[in-house]
Amino acid sequence: MDDQKRRAWFIAVGVGLIIAAAWYTPLTRAAEAFINEGLERSLYSFAIGRGLGAVISMIQGTEVAMQPFGFGLTLAPGQLLGPINELVAYFSSVMLWASVAFGVQKVLLALSANWTVSALITGLSLVWGVLFYKNRAPNWLHHVAAMVVFVRFIMPITMVGSSMVYEHFFADSYTAQVNGLQTTTTDLRGMKLEATPPDGEASSPWSLGLKQRYDRFVAGADDMKRKAELASQHIVHLIVTFLMQTVVIPLIMLWVFYRLLFWLPNGLTRGARAPTP
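All values reported here derive from a predicted model rather than from experimental measurement.

Draft legend 1. Representation of the packing of aromatic side chains. Tallied over the entire structure, the rule returns five aromatic pairs. Taking 4.8 Å as the distance between ring centres and 10° as the angle between the ring planes, the aromatic pair formed by Trp128 and Phe132 counts as stacked. Taken together, the residues Trp128 and Phe132, both in helix H4 (residues 115–133) and four residues apart, mark about one turn of the helix. Grouping residues by exposure puts Trp128 and Phe132 together as buried. Ring centres 5.9 Å apart and planes at 80° place the aromatic pair Tyr174 and Phe242 in the edge-to-face group. Here Phe242 lies in helix H6 (residues 206–273) and Tyr174 lies in helix H5 (residues 139–189), a separation of 68 residues in the sequence. Note on accessibility: Tyr174 and Phe242 belong to one class, buried. An aromatic cluster of at least three residues, connected via ring pairs, comprises Phe150, Phe257 and Tyr258.

What follows is the structure, given as structure tokens:
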């Protein structure tokens, strides 16, 4: 096979692969499935965050009254949860924006997978293949064709790539953090901070059981604080997971695909203009 036939064969195979990929729907369906799963995860996490915020607000409004020796003393241990409540509010906002990001990705995927884009790629690829074979393809046609290919494939490739990264690095962590946050929410909901004596000590003087009651109250407050700190760790991990999934990884893959795709026309142009010996 001489160089001219080999060149024609490579051009035909390349154009055929591009056209086939443009009409290949399983790639789009896989990307759409990942977006739907991510949207469900973000909305579910948003609901968990709102539930935790409601529990914390309820605890913050709880007051404990102690009356040693006839003096009134009111404690509000729930105010210890003020910082974590602010973090929960921020977490809910991040989950809401993550849901919006997945919604935008879904719309962009639907636009890029429209049949008109695939038809445009088919026509441009055929024209480019013929002109490139004859060494008559203008430089602007290389870039126009690359731009259309970029529009068609950037969303499916980015979403499928993000799905692979998520399943390999973040899926187990997400499940563990969500389960931990649910457990912490349930534990906080069931907590009772009280300074009243138990039934067996109801008749004992306050002067005798004051230290025990105070110790029990402090232990409950410490346990509440420890659970809140644990919840903050789960929240931070979830925020990092969704930021990686919706911002960092897609941007990295977009940049890599852009550089690769727009480096190719320049390489083809230089190859086409290189003098033959």
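Draft legend 2. Region of the structure containing the nonpolar core. Counting 54 residues, the largest nonpolar core has Leu52, Leu81, Ile84, Phe91, Leu181, Ile235 and Leu261 as its most contacted members. Sorting the residues of this core by element identifies helix H1 (3–22), helix H2 (25–60), helix H3 (82–112), H4, H5 and H6 as the ones contributing at least two each. For this core, the element with the most residues is H5, which contributes 16 residues. Setting aside residues up to four positions removed in sequence, Leu261 forms contacts with Ala146, Val149 and Phe150.

Draft legend 3. Broad picture of the side chain of Ser45. Note that Ser45 resides in helix H2. Look at Ser45 and you get buried, because its relative accessible area is 1%. Residues in contact with Ser45, not counting those within four places in the same chain, are Phe91, Met95, Tyr174, Val178 and Phe242.

Draft legend 4. Looking closely at a nonpolar patch on the surface. Judged by side-chain polarity, Leu96, Trp97, Val100, Val104, Val107, Leu108 and Leu111 come together as a nonpolar surface patch covering roughly 690 Å² of accessible area. Mapped onto the secondary structure, Leu111 falls in helix H3.

Thresholds, definitions, all that
Residues numbered from 1 in each chain as written. Predicted model: local features only at pLDDT ≥ 70, side-chain atom pairs only at ≥ 80, totals over all residues. Heavy atoms only, no water. Phe/Tyr/Trp six-rings, centres within 6.5 Å; stacked < 30°, edge-to-face > 60°. Helix = DSSP H or I, 4+ residues; strand = E, 2+ residues; numbered from the N terminus. Buried < 20%, exposed > 50% of the residue type's maximum accessible area, 1.4 Å probe, protein only. Core = buried A, V, L, I, M, F, W, Y, C linked by side-chain atoms within 4.5 Å. Contact = heavy atoms within 4.5 Å. Patch = residues over 30% accessible without salt bridge, like charges linked within 9 Å, V, L, I, M, F, W, Y side chains within 5 Å. Areas by Shrake-Rupley, 256 points an atom, 1.4 Å probe, with all protein chains shown as cover. Salt bridge = Lys/Arg side-chain N within 4 Å of Asp/Glu carboxyl O.

Function-wise, these values are silent; they only describe arrangement.
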